Amino acid sequence: MLVLVINCGSSSVKYQLFDMARQEVLAKGLLEKIGQPGSVLQHERNSEKFSIEKVIANHNEALALILQTLVDSTFGVIKDISEINAVGHRVVHGGEEFVESSLITDHVIDAIERFSDLAPLHNPPNLIGIRAARSVLACVPHVAVFDTAFHQTIPSHAFTYALPYEYYQQFRLRRYGFHGTSHRYVTMMAARMLNRPLDETNVITCHLGNGCSITAVAGGRSIDTSMGFTPLEGVVMGTRCGDIDPAITFFLADKLNASLSDINNIYNKKSGLIGISGVSNDMREVRKAAEAGNVRARLAIEVFAYRVRKYIGAYTAAIGRVHAVVFTGGIGENATFMREMIMTGLKPLGMIIDAAVNAPLRAKAGDVATPDSPTRILVIPTDEEKMIASDTVEVASRAR
Ligand code: AMP
């Protein structure tokens, strides 16, 4: 069975074509700058990389070029697009309606459109991708895999903001959480590594990339997560501030004579690692600067680590017995110094990192806790596309 996974952004489309029987990625790529000068498709097949430059006016043309590339006699991996059996779509917001991945119908499309209010930057391009893909691959099932779905098991005491309750009733204003596909994937992998049934697995999953979120998982289900109504809440990220005092908004509006949209931009694009360090949103660059003596870069790293450590402490209280802390995402998988900084000091919680095992472990799965650590500390490379592909197979076969 061949499954095409599509992740549509406002000016980009990422894709991967999976052969599910052989558990293999046949091809993958990224088409950027849709509707802008210089649009280019970076396509990869068997580790061979191709760069295809072409003017691409919209997402329909983008999808057409991707499908053309997949069947191309030079770059392609299949003879005809009819070999594709199903399409999985990453969708950011499924509101309260979607607790799991769903076969895309007109009703599902209407719902995703309704939730565009909650994710105005993400759901509209996701929908454009769905419509474009459905029009060119009309005869196969399309499946929506929602970033929010895994967190729909979070209880009301954890998702309710202490705001006037009618805002929840009127606008569904509550904490939703994101990165759900990644947290779910690494939870499943952690259960396997721990040799535990999924419904008896309690973990704290730390997805630390450019965007960062921490999730408390009890019995294989999300019971709390650090991102909230939007991905702005929670730990420090590359360019996002994470948790701050809401009153700062009024203070800055006054001091900078700034509009709400300016402040939104500051919180989302100019804060986090880049905001504190003034160097970069990229952890590698911030670390280089810190090592060269840049005091603000050092501070950014310390604030980042401290905030993650606080969440691990809080989620230990939420879960009770934690079997493992899991690190994933670009920073979680590769920044060994950051894992050590975060975990140092958590020995009283039964989490003891083995510095010698941790230091060389990059970009692959492993257990970096000491043998006597009551809680394991796992590194698990995330694979959201694989999770989307496997959900797509499951939902599509149920629908037959
Ligand atoms: P992601 O969004 O998951 O691709 O992660 C991006 C983040 O991972 C950036 O902050 C990168 O600096 C960071 N990252 C990737 N590789 C490394 C590495 N070897 N050491 C430190 N940070 C890394």
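Remember, it's a predicted structure, so these values are computed and weren't measured experimentally.

**Observations concerning the sheet that holds strand E14 (residues 376-379)**
Taken in spatial order, the six strands of this open sheet run E11-E10-E9-E12-E14-E13, and their pairing is mixed. Edge positions in the sheet fall to strand E11 (221-225) and strand E13 (366-367), since each of these pairs with one other strand and no more. With five bridges joining them, strand E9 (residues 203-208) and strand E12 (residues 324-328) adopt parallel strand pairing. Paired with His207 across the bridge in E12 is Thr328. Each of E9, strand E10 (212-218), E12, E13 and E14 touches helix H6 (residues 180-194); the most contacted strand, E9, lies at about 130 degrees to it. Along the sheet, helix H13 (residues 336-343) contacts E9, E12 and E14; its crossing angle with E12, the most-contacted strand, is approximately 150 degrees.

**Observations regarding unusual backbone geometry**
In this structure, His179 takes a positive phi of about 60 degrees despite not being glycine. Positionally, His179 belongs in the loop between helix H5 (166-171) and H6. Even without being a glycine, Asn257 presents a positive backbone phi close to 50 degrees. Among the structural elements, Asn257 can be located in the loop between helix H7 (247-256) and helix H8 (260-269). On the accessibility criterion, Asn257 (71% relative accessible area) is exposed.

What counts as what
- Residues numbered from 1 in each chain as written.
- Predicted model: local features only at pLDDT ≥ 70, side-chain atom pairs only at ≥ 80, totals over all residues.
- Heavy atoms only, no water.
- Pairing = 2+ DSSP bridges.
- Helix = DSSP H or I, 4+ residues; strand = E, 2+ residues; numbered from the N terminus.
- Contact = heavy atoms within 4.5 Å.
- Axes fitted to C-alpha atoms, helices over the stretch in contact; angles between N-to-C directions.
- Buried < 20%, exposed > 50% of the residue type's maximum accessible area, 1.4 Å probe, protein only.

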